[in-house]
Amino acid sequence: MSIFQVTVLVKEYEEAIHFFVEKLGFRLMEDIALGEYKRWITVAPEANNGFKLVLAKAEGEEQLKTIGKQAGNRVFLFLQSKEFWKDYNRMTSQGIEFTENPRTEDYGTVVVFKDLYGNLWDLIQPA
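A brief look at the structure comes next. (Residues numbered from 1 in each chain as written. Predicted model: local features only at pLDDT ≥ 70, side-chain atom pairs only at ≥ 80, totals over all residues. Heavy atoms only, no water.)

Following the criterion strictly, the structure yields eight salt bridges and no others. The salt bridge partner of Asp 31 is Arg 39, with a shortest N-O separation of 2.7 Å. The partner of Glu 105 in a salt bridge is Arg 103, with the nearest N and O atoms 2.8 Å apart. By relative accessible area, Arg 103 is classed as partly exposed at 28%. (Salt bridge = Lys/Arg side-chain N within 4 Å of Asp/Glu carboxyl O. Buried < 20%, exposed > 50% of the residue type's maximum accessible area, 1.4 Å probe, protein only.)

Given below as structure tokens:
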């Protein structure tokens, strides 16, 4: 078994697609209409090994409250890089918000950034 998809709650489809595709450099894998208002949208990093994020538009108050806090203000997802400084500089030029300066740990080079809703991510190049 393997995990192949994770849902990220979003406010609006178009702004989420723009962030993940234009700012993070992910690929739009699927965008399928599921009725008048609902869509099945998946995005993936270039080297995704089959893993995709499902961009799901939040419905109702409970889901809306969860946007940006899907991991309770802890790092939610980990984006692995083979070229940390290249990716970090590209993301910086795209206006990605970092919560700290890059640092070197025993396990690799890492920095925490926020997605468009405030979910925390690690950009990491393993040692």
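Okay, back to it.
What follows covers the packing of aromatic side chains. This structure, assessed with the given rule, holds ten aromatic pairs. Ring plane angle 50° and centroid distance 5.7 Å describe the contact between Phe 20 and Phe 26, whose orientation is recorded as tilted. Like Phe 26, Phe 20 is buried. Plain terms: the ring middles of Tyr 88 and Phe 98 are 4.7 Å apart, the flat faces sit at 55° to each other, and that makes the pair tilted. Within this pair, whereas Tyr 88 is found in helix H3 (residues 84–93), its partner Phe 98 is found in strand S6 (residues 97–98), the two being separated by ten residues in sequence. Every member of this aromatic cluster is reached through a ring pair, and the members are Phe 19, Phe 20, Phe 26, Phe 84, Trp 85, Tyr 88, Phe 98, Phe 113 and Trp 121. (Phe/Tyr/Trp six-rings, centres within 6.5 Å; stacked < 30°, edge-to-face > 60°. Helix = DSSP H or I, 4+ residues; strand = E, 2+ residues; numbered from the N terminus.)

Here the focus is the side chain of Asp 122. Topologically, Asp 122 is positioned in strand S9 (residues 120–126). Although Asp 122 is buried, it makes no salt bridge; Arg 103 carries the closest opposite charge, 5.5 Å away. (Lys, Arg positive; Asp, Glu negative; His and termini not counted.)

It is worth spelling out the environment of Phe 4 at this point. Relative to the helices and strands, Phe 4 is located in the segment before strand S1 (5–10). Overall, Phe 4 belongs to the partly exposed group, its relative accessible area being 49%. Between the alpha carbons of Phe 4 and Lys 52 there is a distance of 6.2 Å; along the sequence they are 48 residues apart. For Phe 4, the residues in contact, after removing those within four places along its chain, are Gly 50, Phe 51 and Lys 52. (Contact = heavy atoms within 4.5 Å.)

Any link to function would need more than the numbers given here.
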